[in-house]
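Each chain is listed here by its residues.
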Amino acid sequence: MVTTTPPIPNIALSAAPGLSAAKYARLQHALLGAPASLFQALGLPRFVIAHARQYRGQDRLLKIYWGY
């Protein structure tokens, strides 16, 4: 399962913990290598890897809504 979050601080994608490392890496590679036109169509500037400090405290939302 892949889902999005409200844009706090920015929109994010979250992959379920059961996603294999290989599939996670393929998904990450596809998003990082996606053409700019895709992001423009979605109204997003680009996809970047997030760091935990950017979403500090947001993990509570995942636990509350999705259980992890």
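The preceding data block contains the structure.
Residues numbered from 1 in each chain as written. Predicted model: local features only at pLDDT ≥ 70, side-chain atom pairs only at ≥ 80, totals over all residues. Heavy atoms only, no water.

Chemist: How do you make sense of the overall build of the protein chain when you look at a structure like this?
Modeler: From N to C terminus, the protein chain includes three helices and two strands. Counted from the first residue to the last, the protein chain has its helices and strands arranged as β-β-α-α-α. The burial tally for the protein chain puts 12% of its 68 residues in the buried class. Residue pairs at least 24 apart in sequence account for 40% of intrachain contacts in the protein chain once pairs closer than 6 positions are excluded. (Helix = DSSP H or I, 4+ residues; strand = E, 2+ residues; numbered from the N terminus. Buried < 20%, exposed > 50% of the residue type's maximum accessible area, 1.4 Å probe, protein only. Contact = heavy atoms within 4.5 Å.)

Chemist: Any chance you could explain the environment of Ala 12 here in plain terms?
Modeler: By the secondary structure assignment, Ala 12 is in the loop between strand 1 (2-4) and strand 2 (13-15). Sequence-wise, Ala 12 and Tyr 55 are 43 residues apart; in three dimensions their C-alpha atoms are separated by 9.4 Å.

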